[in-house]
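Next come the chains, spelled out residue by residue.
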Amino acid sequence: MALFGSKKQIIGLDIGSNSIRAAIVSISKSSSELVKYAEERILNNTLSSGEVIQPEALIDTLKNLFKALKITKGDVVLGLSGSSVMVKKVTIPKIENQLISDQVRWEAEQYIPFDLSSVNLDYVLLNSVSSGEDSNDLLIVAAQREQIQSLVGVVEAAGNFKVVAVDVNGFALANSFAFNYGRIQGQAVALIDIGAFYTHFVIVQNGDVVFCRDLPVGGVIINQEIQSAMDISFEEAERFKLGANMPDEAAKAIETSFVTIADQIQGSFEFFINTSQGVNVTNIFLTGGTSYCKGLIDVLQKTIDIPCEFLNPNRNLTISSTVNDKESFKRSGAVALGLALRSEGDSD
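Parameters and conventions
Residues numbered from 1 in each chain as written. Predicted model: local features only at pLDDT ≥ 70, side-chain atom pairs only at ≥ 80, totals over all residues. Heavy atoms only, no water. Buried < 20%, exposed > 50% of the residue type's maximum accessible area, 1.4 Å probe, protein only. Helix = DSSP H or I, 4+ residues; strand = E, 2+ residues; numbered from the N terminus. Pairing = 2+ DSSP bridges. Polar contact = N/O pair within 3.5 Å; in protein donor to acceptor, adjacent residues only side chain to side chain. Contact = heavy atoms within 4.5 Å. Phe/Tyr/Trp six-rings, centres within 6.5 Å; stacked < 30°, edge-to-face > 60°. Axes fitted to C-alpha atoms, helices over the stretch in contact; angles between N-to-C directions.

> Tell me about the pairing of strand 14 (residues 281–287), and please be specific about residues and values.
Along strand 14, five of the seven residues are buried, which leaves the element largely enclosed by surrounding structure. Examined bridge by bridge, strand 11 (residues 188–194) and strand 14 share six bridges and lie parallel to one another. For Ala190, the partnering residue across the bridge sits in strand 14 and is Ile284. Note that strand 14 and strand 15 (residues 308–310) share three bridges and pair parallel. Across the sheet, residue Ile284 finds its bridge partner in strand 15, namely Cys308.

> Hey, could you go over the pairing of strand 13 (residues 208–215) for me, with residue numbers and the actual values?
Of all eight residues in strand 13, six are buried, a share of seventy percent or more. Pairing of strand 12 (residues 199–205) with strand 13, which is carried by seven bridges, proceeds in the antiparallel orientation. Paired with Thr199 across the two strands is Leu215, which belongs to strand 13. Hairpin connection from strand 12 to strand 13: two residues lie between these consecutive antiparallel strands, with Asn206 at a positive phi of about 55°.

> I'd love a proper account of the side chain of His200, names of residues and values included.
Of note, His200 is situated in strand 12. At 2.6 Å, the side chain of His200 and the side chain of Asp214 are in polar contact. Setting aside anything within four residues of it in sequence, one finds His200 in contact with Ser81, Asn169, Leu173, Leu191, Ile192, Asp193, Arg213, Asp214 and Val335.

> If you had to explain the packing of aromatic side chains to someone new, which residues and values would you point to?
Centre-to-centre distance and the angle between the planes together describe a pair of aromatic rings. For the structure shown, the criterion picks out 10 aromatic pairs. Here the aromatic rings of Phe177 and Tyr181 are separated by 4.7 Å at their centres, their planes lie at 10°, and the arrangement is stacked. Here Tyr181 and Phe177 lie together in helix 4 (residues 169–181), a separation of four residues that amounts to about one turn. Accessibility expressed as a relative area gives 17% for Tyr181, which makes it buried.

> Break down the sheet that holds strand 7 (residues 85–93) for me, citing the residues and quoting the values.
Taking strand neighbours across the sheet as the criterion, the three strands line up as 7-9-8 in an open arrangement whose pairing is antiparallel. At either margin of the open sheet sits one strand with a lone partner, and together these are strand 7 and strand 8 (119–125). Averaged over neighbouring strand pairs, the angle between their axes works out to 25° when direction is ignored. Strands strand 7, strand 8 and strand 9 (135–144) of the sheet are contacted by helix 2 (residues 97–111), whose axis makes an angle of about 120° with strand 7. Set on the sheet, helix 3 (residues 145–157) makes contact with strand 7, strand 8 and strand 9; between it and strand 9 the angle comes to about 60°.

The structure is reproduced here in C-alpha cells:
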C-alpha cells in the first residue's frame, strides 16, 4: 500500500528512532537482488516519537547514509511510524467506489484522534476479508501532515533526492513479507518488528493487512532495566545488553525487560482477537534488532503461545556482493526493503 504519492522510487528509506536504513533493489523476471543497503545511527534527541527535533543533525546523518550507499541523487519512498500515524479498520455499507472517499472521511471523524484538517487520509479496501454481501471492510490511514512535510524536507535537503511517496512502516513490513513468503491464503500471521523505541505490530490475513499499530515499546526498555538495576550509564547498559561480560544483575534485568516487552505485545494480540471475530493467528514472524536479543523469542513464544520464527528478508532475494553488512540487513532491513519494493509495481 503506497500512501500520499506515486509508487515509483529507487530508495526505500526507513527513518527509525535510533537508526536510518536504506535499501535499493533490482527486480526482473529472472532475478531479484538487493543491490545496495546501509544503516546509520541517529544522534540522541534528533527525533522524538517520529517528530524531527534537530533537523540539521538528521540532514547530516542522511548525508552520511547516502555517502555510504555511494549515491548522490534518486527517488525516495519514505516510511512513517510512531504516534502521529494511525491505522483503523472499519466496516462500511457496500456503496459505489466513487462514494467511498466521503464515507472514509465521515468514519475518520469518528475514530481518528487528529484534527482532520491537519492530516493526510488514505484507505485500502480489504476485498479478501470482506465482512459480508452488504458491507465492506477497509483500513483508514491518517498521518499528521506536519510530520510528513518535516521528514520530506530533511530528506530533500540532504542532496539531490526527491520523495515520491510516503508509506506506513507497518505496510512496508507486510510488503516485504509478501515478497519473500507470498500472499498466504486461508490463514492469518503476525509480523512484529521490534526496534529501539517502537514495535511495529501487523496482522496479515489472506495476504491483506487487517491490523496495524505501533507499540511504544522496544530495546530501550532493556537498557533502562539494566541501568535501574546497576546504576550505570545507558552506554554501559547497551554493552551488557549485547552480551559483553554480563553480570548476574544485568541478566536478571534483561529477563524482566523481556517479560515487559512480551506483555505489551500480548496485549495487542488480545485486543485484535477480541475485535476480530473468528480470526486465528497461526504464526509470528519476528524482525528488528531487538528481536535478536538472546532469549527474547523464547519468552514471546511462551507468553503468547503461538509459534515464533525470524522473518527472512532475503528468502526470495539475492544480496549483491557489494552490500557490506548483510547481517544488519537480515536483522533490521525488512521495512526498508518493503519500501524499496514499492517501485516494482506491487499491488495495494
